[in-house]
Each structure stands twice: as structure tokens, then as C-alpha cells.
Amino acid sequence: MNSFSEIFAELRSRDSKKRMVAAWGVDDHTISAASQAVDLGLVDVTLVGDEDMIAEVCSKENIDKSKFEIVHNSVELKAVAQAVQIVKDGQGDFLMKGLCSTDKFLRAILNKETGLLPPKGKLTHCGVIEMPHYHKLIFFGDAAVIPAPELKDKQIIMEFLVKTAKSVGVTTPKVALIAATEQVLSSQPATLEAALLAKMVDRGLIKDCIADGPLALDVALDKESAQIKGLTSPVAGDADCLLFPNIESGNVFYKANSKLVEGVRQAGILVGAKVPCVLSSRADSTDTKLNSIAVAAMSV
């Protein structure tokens, strides 16, 4: 699947829908996105939160609340914990953050006794982008969670990028290990770690993908740039996944595309827990929220 529209079509074609559970899903942004996801046939939805607040939003937005399963809980923290428990009990397939703050949402997921993080697990962010001038979806990380990943963190990020890409039909994802140059330089640690990760893939220590690095961004996404630089690579110009060296570079890539590239479409999910989690911002467009819900549904 090379576009979000193809992902939507795949989800609509399935006989059974995945169930999204919205934690403290009482606000118009969450409920409107959930409503559209149901109307488009992408998922079924459970809203956990104050039933009166949900009814008020549905009335204001002309949304039929009967399309949702509503679990009443009038206390925000308890509602978030209950949403996590519903998923943990197998009554939901993935989570979405509602009006609750990110720290409350993450605290419930990370709770050692009642949360969803596996032993020795680590959360990371997987972004997905559809650009009008690139021939397929790009999966990238980490743009939001791990500030300065060490080598072992980058391996985790990379493995989740590969897993997410495979969930939407990429048989053997091609991973570009991004740095500022293709040269391996002791003065630029990102190039050293990129080279190490590429060798780990070659030796089967990281599986189910093809990887090359260090690669500058232009080489990763443009075959002509690779040819001009005289670089032969199975990944250059055809990357499915971009592993950025730090959160700054990944975040700038995400936001530069969202603000400067006309026609771009994006998604982002939190991975590393037992289920994917949609961690949308109020500033995200409805399209971005729907795309994120669709990617999460495919990743279960």
C-alpha cells in the first residue's frame, strides 16, 4: 500500500473491524475524528469518559452517539486507567489519547502493574508521510519521544519502523540510516552508528529489512543525487524507512513537510507498548488523525 487512501480501502474491505478505545474521549476533536473513522468504515470505537460531556459534544456536532460504545467514567485519571484496562483485557485493539494530557496518558500506559509496556520495553514514535513527489509512503522515527537515542535505542526504533512498514504490505522494507554525509567520520558519531546498524542488518542481527548508511537525506530519497555522488546502494532513492540520528532532525523533517509541502499527508503513532497508541495533538488536522487511526489499526 503506497498511500493512505489504499490503507483506508484495505480497512474498509475487512469483514471485522479493529476496536479503538479513546481514553477520556470527551472533546470535540477526539469525538469528531472517531466519528469520521467509524463513518468511513475504518474501525469500531469505544469512548471512555463522562457520558454527559460526550452527549453534549455529539449534540453540538450533530453526531449520532449510538455509533460508539460509551463507557461512563466521570473522573479523568480513572477513565484513562480504565481505557488501558479495557485494551489489556482484550476488549479493545488499540488506544487513542483524548482530552487528557500526554503525561497522564503515558503514565497509565507505563504503569508497571496495570499498564501496557512489556518487560524491558521502550516507547518510540513512528511517523508516516505521503508526499506528492515521492512514489510511496515513508516511515520515519524518532520525531517525538526519544531525544538522543543511543545505538541500542536506534536498533529499537529501526525494528518498529520495519514492523510498521510491513504491517501495510512492505515485504522487505528498505531503511536509510540518515546522517549529514555518506562518509563515516569520527567527528560525526551519527555516521559511525549508521554504519554499525547497516552491518548489523548485513549479519542478520536486525531482521526483515535491507539497510544502508550513513546516507544523507537527498541520497536516501533521490536516485539522481546518488548517481551524481557516484553512490551505489540498494536503498538510495527508494527508501521505505528513515532512521534519524536524533529527535531534532526527525521533528524538523516532520514539521517542515507539514508546513511547507503542499498536498502532504501524515500520520503518527506511539509504538513499543503491547498495542499501538494514537497520540494526536489538538493542532493535528482531521486528516492526520484519521491517517493515524488507520495506521494504528493496520499495526495491531
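Scroll up to find the structure this text is about.
A few points on the structure. (Residues numbered from 1 in each chain as written. Predicted model: local features only at pLDDT ≥ 70, side-chain atom pairs only at ≥ 80, totals over all residues. Heavy atoms only, no water.)

**What about the side chain of Gln266?**
Right, so step 1: Note that Gln266 resides in strand β10 (residues 265-271).
Right, so step 2: A polar atom in the side chain of Gln266 sits 3.0 Å from the backbone oxygen of Tyr254.
Right, so step 3: The residues touching Gln266, leaving out its near neighbours within four places in the chain, are Phe4, Val128, Ile129, Tyr254, Asn257, Ser258, Thr288 and Asn291. (Helix = DSSP H or I, 4+ residues; strand = E, 2+ residues; numbered from the N terminus. Polar contact = N/O pair within 3.5 Å; in protein donor to acceptor, adjacent residues only side chain to side chain. Contact = heavy atoms within 4.5 Å.)

**Brief notes about the state of the cysteines**
Right, so step 1: Evaluated as defined, the whole model comprises 0 disulfides.
Right, so step 2: Of the cysteine sulfurs around Cys100, a residue in no disulfide, the closest is that of Cys277, at 11 Å.
Right, so step 3: Of all cysteine sulfurs, the one in Cys126 lies closest to Cys241, which takes part in no disulfide; the gap is 7.4 Å.
Right, so step 4: With relative accessibility at 0%, the residue Cys241 sits in the buried group. (Disulfide = S-S within 2.5 Å. Buried < 20%, exposed > 50% of the residue type's maximum accessible area, 1.4 Å probe, protein only.)

**Some thoughts on the pairing of strand β8 (residues 210-215)**
Right, so step 1: Within β8, 5 of the 6 residues are buried, leaving the element largely enclosed by the surrounding structure.
Right, so step 2: Handedness of the strand β7 (residues 174-178)-helix α7 (residues 189-202)-β8 crossover: right-handed. (Right-handed = clockwise from strand over helix to strand, strands pointing away.)

**Overview of the packing of helix α6 (residues 151-167) against α7**
Helix packing for two helices is described by the angle between their axes and how far apart those axes are.
Right, so step 1: Running from N to C, α6 and α7 cross one another at 55°; their axes reach a closest spacing of 11 Å. Classed by the angle they form, the pair α6 and α7 counts as oblique. Viewed along their axes, α6 and α7 form a crossing whose handedness is right-handed. Contacts from Leu151, Lys154, Gln155 and Met158 of α6 reach α7 at Ala190, Glu193, Leu196, Leu197, Met200 and Val201.
Right, so step 2: When its residues are assigned to classes, the contact of α6 with α7 shows 7 nonpolar, 1 polar and 2 charged. (Axes fitted to C-alpha atoms, helices over the stretch in contact; angles between N-to-C directions. Parallel < 35°, antiparallel > 145°, perpendicular 65-115°, else oblique. Left-handed = near helix turned anticlockwise from the far one by under 90°. Nonpolar A, V, L, I, M, F, W, Y, C, P; charged D, E, K, R; others polar.)

**Some points on the pattern of salt bridges**
Side chains bearing opposite charge may pair, as long as their charged atoms lie close to each other.
Right, so step 1: One pass over the full model with this rule turns up 14 salt bridges.
Right, so step 2: Of the charged contacts in the structure, one is a salt bridge between Glu10 and Arg14, with a shortest N-O distance of 3.0 Å.
Right, so step 3: Look at Glu10 and you get partly exposed, because its relative accessible area is 29%.
Right, so step 4: On the basis of relative accessibility, which here comes to 29%, the residue Arg14 falls in the partly exposed class.
Right, so step 5: When the shortest N-O distance is used, the salt bridge between Asp287 and Arg265 registers 2.9 Å. Here Arg265 lies in strand β10 and Asp287 lies in helix α11 (residues 286-299), a separation of 22 residues in the sequence.
Right, so step 6: Its relative accessible area of 30% is what places Asp287 among the partly exposed residues.
Right, so step 7: Three or more residues joined by partner-sharing salt bridges are found here, namely Lys136, Lys174, Asp238 and Asp240. (Salt bridge = Lys/Arg side-chain N within 4 Å of Asp/Glu carboxyl O.)

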